[in-house]
Amino acid sequence: MNVETRGLTRSFRRRQAVAGVDLRIGPGVYGLLGPNGAGKTSLLRVLATVIPPSAGDLRLLGRDPAGHAERREIRRRLGYLPQDLGYYSGFTVVEFVEYIALLKDMPRARVPRAVASAVEDVGLGNRARSKLRTLSGGMLRRVGIAQAIVNEPELLLLDEPTAGLDPEQRVQFRTLMRRMGERATVIVSTHLVEDVGAACDQVGLMSDGRLVFTGTPAELSARGAGTGIGDAPLERGYSAVLAETRT
Amino acid sequence: MMGLLRLELRRNVTPFLLPTLAVLLWISPYGRSVTASAVWTRRGEALQETLLGLGPVIAGAAAWTASREKRARTGELLVSTARGGWSRTLPGCAATALWGLAFLSAATGFLYGLTAHTASWGSPPWWPVAATFAAFLAFCAAGHATGAMLSGRFVAPLTAIGAFLLLVVAGTLKSTGVAVGLVSPVGQVTDPYRALFYRTGHDLPAVELIFAAGLVAVALGPLALRGAAGGPLVRTAGIILTATGTAAAGAGLWLAGTGRVDAGRGIAVIPRLESRGDGRPVPYTPACDRGPIQICVHPALKARLPDVAAAVRPVTSQLAGLPGVPSRIDQRPVDGPHITDGVLSVPAPFDAYDKRGPVTGRAARSMRADTAAGLLFGAWDGTDPARQAAVLAVLIAAGDPPDASALPTRGGPTPAVLAAAHRLAALPPPTRHQWFATHLHPLRTTHLPPNALP
């Protein structure tokens, strides 16, 4: 298992953003759904080793991130796209992706090819030398995805990756996710249930910091049969589970 | 690390500041020293003074680069990478330092190259260069530390302003003779022209170097002790840097506290670093002209000899050949004129060497007054009215105003002295020369009344 958590909790002062989450995720694409404030971003931040858990057990890629050496090793094999991607506006696309690749301790000899490949994968080959300040919001999101995949991560964490992408780009991105999921664990947090239906093998639904559903997209759809609110089966399943949780 | 450094060098802000640095360089003592006499000690000092402009700018640039993560909100992403905060941000600091050092090296190369081409004596002083470079790095490191710890768009300009104010305070402490101020790279405390005549150690730049190196370590070390800075190795490096930096900066301050300034010889002495022979006169062969009375200057000041000789010629031409008048004048760092073995030593107006072209104005008048008084009476307190009138007569004949500045006494000449001076100056030059030939000895040995003059 690439991600193993037991009773994972993360608190901010008195509020528990993540409240005792148990996860065992291997290679594949795992969709993380949930309403605003459910704890998806906090969970991803813990998994990205940006913030430590307040309680519970956490193992990533078979290592304990609490130790410095192991955490560093995890980070070398990690790809992370934060919800709010900061960037250096004076850097070009290639420079920014190269910068992150170097910070991930990639061997220098591998960096140029890996950067070019990642930039091509997100469809920015023709803007590779453009300064980031000249790019649109959707393009910047794709730069964010490129930096996340540049090191061919074994664990890829994507927070709202398709926000700002047009339909064609979203389709391309789903293909990319599926390809990455063939050999790595991809955890993608999103509000767009169609992304989950199209690309994810497994799905988790969070509410109030807890994981209230785990299963396949088909199982989630089945939960909403004849009851939930929404236009698509997944949406109906999503709202049905949330409604059950709240009652 | 090299890959990151290369990337940081490409995207560093300092190249955009190079025109500003060039302007600051030119309006600093560096620019003025280029047009002054090519004297190594003067040029070395001017190089250090450039830090008043360059130091704050490079500190601001380093702060701007270091505060980048907070400004651009990249912290969330970068924390998830393998590099800790310390090794992640150091290449940015190094890039700023390298650009700045490249500029400073070019400026040093230009100044020293120009000096090597035109200087008539001495060799390049490298200790001030080392001290300047170390202080420059200290500004860079301090700016980096400030930027890494504080966030906001105004961190960079505020860091630059803070560094400038700090330098002004340190320079003021140094130039007013407060001993601990000697660690400051700016602030004139020595006289580069006077220092030509005495053997000077490397005391002062060595203390500045120790202090600046300590500051570099003290600025960078604590950053390695912060939470996300890195692993145990980085922490250990941080502890070592902080400890050694504190010790070095403290040692620099302590050594400076024991220092003293020898204004007469234009040098600063740090007793603990003083080596045997420091402060002793340096032997040299003076550069002399071939006027009626030979004018000699230090060989480092040879380029200005024709202008200096021209400035005093209106006086020397009047007094040459008189019995008992020295046949040679040496410009030296003495307090007042005196005659030894038939050679008159006069104070050199060193400010005149900071300019090009003829020596004019107050510097020239002072030079002629010292020369006239010295040639006629040697070491003289200026109190005897007849002697006052004689000196003033020579100066009036040379075209100078007979004001108080012409006499080594307080207050202006009395009306009787002035009247006698004007009478003597009005005589035809051969007559005046003849009068001096017959009356100089009595003037020197007895007290005559002013009306004894013709």
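Check the entry above for the structure.
What you see is a predicted model, and the numbers here were worked out from it, not measured in a lab.

1. Overview of the pairing of strand β4 (residues 294–297) of chain B
For a regular strand, side chains alternate in direction, first toward one face of the sheet and then toward the other.
All names here are of chain B.
1) Next: Bridge analysis of strand β3 (residues 287–288) against β4 gives two bridges, and the strand direction is antiparallel. Pairing of cysteine 288 across the sheet is with cysteine 296, part of β4.
2) Next: Between β3 and β4, which pair antiparallel in sequence order, lie five residues.
3) Next: Sheet analysis places β4 next to strand β5 (residues 328–332), joined by three bridges and oriented parallel. Across the sheet, cysteine 296 pairs through a bridge with aspartate 330, a residue of β5.
4) Next: The handedness of the β4 to β5 crossover, carried by helix α13 (residues 305–319), is left-handed.

2. Examining the sheet that holds β4 of chain B
Residue and element names in this part refer to chain B.
1) Next: With mixed pairing, five strands are arranged side by side in an open sheet as β3-β4-β5-β7-β6. Of all the strands in the sheet, the pair left with one neighbour each is β3 and β6 (338–340).
2) Next: Contacts between α13 and the sheet are confined to β3, β4 and β5, with β4 contributing the most and set at about 145° to the helix.
3) Next: Against the sheet, helix α14 (residues 361–377) contacts β5, β6 and β7 (343–347), and its axis sits at roughly 150° relative to β7.

3. Description of the interface of chain A and chain B
1) Next: Contact with chain A, which involves 31 residues of that partner, is made by 25 residues of chain B.
2) Next: Both sides together, the interface formed by chain A and chain B hides about 2,500 Å², and carbon and sulfur atoms give 59% of it.
3) Next: Across the contact surface, chain A and chain B share six salt bridges.
4) Next: Salt-bridge contacts for arginine 11 of chain B lead to glutamate 95 of chain A; the nearest nitrogen and oxygen are separated by 2.6 Å.
5) Next: One can count 14 residue pairs in polar contact (both at pLDDT 80 or more) joining chain A with chain B.
6) Next: Listed by contribution, the elements that provide at least two residues to the side of chain A that touches chain B are α2 (68–76), β5 (78–81) and α3 (93–103) of chain A.
7) Next: Broken down by element, the residue count for the side of chain A that touches chain B peaks at seven residues, all from α3 of chain A.
8) Next: Partitioning the side of chain A that touches chain B into residue classes produces 14 nonpolar, six polar and 11 charged.

4. Side note on the packing of aromatic side chains
1) Next: Under the defined criterion, the tally for this structure stands at eight aromatic pairs over all chains.
2) Next: Considering the side-chain rings of tyrosine 88 of chain A and phenylalanine 91 of chain A, the 5.3 Å spacing of their centres and the 55° angle between planes classify their relative orientation as tilted. Note on accessibility: tyrosine 88 of chain A and phenylalanine 91 of chain A belong to one class, buried.
3) Next: Three or more aromatic residues joined by ring pairs form one cluster here, namely Tyr88, Phe91, Phe96 and Tyr99 of chain A.
4) Next: Its end group placed over the ring of tyrosine 88 of chain A, arginine 68 of chain B keeps NZ or CZ at 4.2 Å from the ring centre.
5) Next: Lying over the aromatic face of phenylalanine 377 of chain B, arginine 387 of chain B brings its terminal NZ or CZ to 5.6 Å of the ring centre.

Definitions and limits used
- Residues take numbers from 1 onward in each chain, read along the sequence in its written order.
- Each chain is given a letter, starting from A, and each ligand a number, starting from 1, according to the order in which they appear as written.
- Given that the model is predicted, a residue must reach a pLDDT of at least 70 before its local features are reported, and side-chain atom pairs must reach 80 or more before they are shown or counted; all residues, however, enter totals for whole chains, interfaces and linings.
- With hydrogens and water set aside, each side-chain value is computed from the structure's full complement of heavy atoms.
- For two strands to pair, DSSP has to find at least two bridges joining them.
- Going along the chain from the N terminus, every DSSP run of H or I of four or more residues is numbered as a helix, and every run of E of two or more is numbered as a strand.
- Here, the term right-handed applies to a crossover whose path from the first strand over the helix to the second runs clockwise when the strands point away from the viewer.
- Here a residue-residue contact requires only that any non-hydrogen atoms of the pair lie within 4.5 Å.
- Axes here mean lines fitted to C-alpha atoms, for a helix over just the part in contact, with angles spanning 0 to 180 degrees between N-to-C directions.
- Put simply, buried area is how much 1.4 Å-probe accessible surface two parts lose in total, over both of them, once they are put together.
- Here, a salt bridge means any Lys or Arg side-chain nitrogen found within 4 Å of an Asp or Glu carboxyl oxygen.
- Definition of a polar contact: a pair of N or O atoms within 3.5 Å, with one able to donate and the other able to accept a hydrogen when the atoms are protein atoms, and with sequence-neighbouring residues admitted only if both atoms are side-chain atoms.
- Charged residues are taken to be Asp, Glu, Lys and Arg, nonpolar residues to be Ala, Val, Leu, Ile, Met, Phe, Trp, Tyr, Cys and Pro, and polar residues to be all remaining types, Gly included.
- Two aromatic rings from Phe, Tyr or Trp, using only the six-membered ring of Trp, form a pair when their centres are within 6.5 Å; if the ring planes differ by under 30 degrees the pair is stacked, by over 60 it is edge-to-face, and anything between is tilted.
- Residue exposure (1.4 Å probe, protein chains only): buried if accessible area is under 20% of the type maximum, exposed if over 50%, otherwise partly exposed.
- Charge over a ring is defined by NZ of Lys or CZ of Arg lying within 6 Å of the ring centre and within 35 degrees of the ring normal.

In short, the description is geometric, and any link to function would need to be established separately.
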